[in-house]
Amino acid sequence: MVEPVVPPALVDGDGPPVVLVHAFPVDGRMWAPQVAALRGRCRVIVPDVRGFGTARGQLTDPLEAGLEGSAWVDLIADDLALLLDELGLEQVTLAGLSMGGYVAFAFLRRHPERLRALALVDTKATADTEQAVRARLDMAGRVLAEGVGIVPELMRPALLGRTTRAGRPGVVEQVTRLILEQDRRAVAAAQRGMAGRPDATGQLGSIRVPVLVVVGAEDQPTPPAASRSMAAAIPGARLVEVPEAGHLAGLEQPEEVNRALYQFVSELGHFTQ
Ligand code: MLT
């Protein structure tokens, strides 16, 4: 049994609390443009998921720890709940990008009373196909054997849209650097952990908090069509499609994503739950 731990987190600003959970295989620094934009009006909380970034020392590999099925994403969600306890926060707006969204679905299952609102960014509710699970396990093995240096080449086409790959070398370089700074064992652990996440599609219709769905128009792993269906299944959800952005929309088109998040958070007072 692996106990939850308080994850290290950047906490900045003042106002309604907004937790931003990062994608794979990077860390909370991917949210830097959103932190800069939101911290003037919100308390922005950016944890690192076990094994990544400043949470390197908290690495938990599901294979070594005997965690099966949803146990790894559940553990990350429980880590977040502990962080909220430590910060004295009853309820937060939770935004998760891709893997962060999988964690958000786990949080919704396990700690629904602590959600004020939910932003699902470039993510999906569905579980992996058998083929996707095999691909994850293969990549976990390869990265352990060959090192994290193989990951940017493997993942760049999935993580960044064609506009970014062709015309934003600074973003390409930034994402490459973020990947290369991760521990290979964290990359493998997250692949194994994400492979076991359950299908959250059945949860969508019963979500009772305000939901924002954001997707890059050039996102390949979680394409706009999938986000449209996900948003359509969630009562009252708002959908924002970000032009000329891929999967890491918040880094590729920060202003558009900042605007969507900011508007969502600032309007929350007008929602009734
Ligand atoms: C991510 O960006 O977090 C990944 O694409 C998630 C995944 O591998 O499913």
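Not measured: the values here are computed from a predicted model.

1. A few points about the site of the ligand
Consideration 1: In the vicinity of the ligand, the contacting residues are Ala23, Phe24, Ser98, Met99, Tyr102, Arg136, Leu159, Met194 and His247.
Consideration 2: Here an oxygen atom of the ligand and a side-chain polar atom of Arg136 are 2.7 Å apart.
Consideration 3: A distance of 2.8 Å is found between an oxygen atom of the ligand and a side-chain nitrogen or oxygen belonging to His247.
Consideration 4: Bound to the protein, the ligand loses 91% of the 270 Å² it would expose on its own.
Consideration 5: When atoms are counted within 2 Å of each cavity's grid points, the one that captures over half of the ligand is the largest pocket.

2. Some thoughts on the environment of Gly246
Consideration 1: With respect to the element layout, Gly246 can be found in the loop between strand E7 (238-242) and helix H11 (249-252).
Consideration 2: The spacing of Gly246 and Asp122 is 124 residues in sequence and 8.4 Å in space, taken between C-alpha atoms.
Consideration 3: Contact partners of Gly246, with chain neighbours within four places excluded, come to Asp122, Leu159, Leu160, Gly161, Gly216, Glu218, Asp219 and Glu252.

3. Focus on the sheet that holds strand E4 (residues 92-97)
Consideration 1: Read across the sheet, seven strands follow the order E1-E3-E2-E4-E5-E6-E7 without closing on themselves; strand pairing throughout is mixed. Edge positions in the open sheet fall to strand E1 (9-12) and E7, since each of these has one partner strand only. With strand direction ignored, the average angle separating the axes of adjacent strands in the sheet is 15°.
Consideration 2: Two strands pair when backbone bridges link them, and strand E6 (residues 211-216) and E7 are joined in this way by five bridges, in the parallel orientation. Its bridge partner lying in E7, Val214 is registered against Val240.

4. Some details on the packing of aromatic side chains
Consideration 1: Applying the stated criterion across every chain, the model contains one aromatic pair.
Consideration 2: On the numbers, 6.3 Å between centres and 85° between planes, the contact of Phe24 with Phe52 is edge-to-face. One end of the pair, Phe24, is in the loop between strand E2 (17-21) and helix H1 (32-38); the other, Phe52, is in the loop between strand E3 (43-47) and helix H2 (62-65), with 28 residues separating them in the sequence.
Consideration 3: Positioned over the ring face of Tyr102 is Arg197, at 3.8 Å from the centre of the ring.

Conventions used here
Residues numbered from 1 in each chain as written. Predicted model: local features only at pLDDT ≥ 70, side-chain atom pairs only at ≥ 80, totals over all residues. Heavy atoms only, no water. Near = heavy atom within 4 Å. Polar contact = N/O pair within 3.5 Å; in protein donor to acceptor, adjacent residues only side chain to side chain. Areas by Shrake-Rupley, 256 points an atom, 1.4 Å probe, with all protein chains shown as cover. 1 Å grid on protein atoms, 1.4 Å probe; cavity = no way out; pocket = protein on both sides within 12 Å on 5 of 7 lines; lining within 4 Å. Sits in = over half its atoms within 2 Å of the grid points. Helix = DSSP H or I, 4+ residues; strand = E, 2+ residues; numbered from the N terminus. Contact = heavy atoms within 4.5 Å. Pairing = 2+ DSSP bridges. Axes fitted to C-alpha atoms, helices over the stretch in contact; angles between N-to-C directions. Phe/Tyr/Trp six-rings, centres within 6.5 Å; stacked < 30°, edge-to-face > 60°. Lys NZ or Arg CZ within 6 Å of the ring centre and 35° of its normal.

By themselves these figures say nothing about function.
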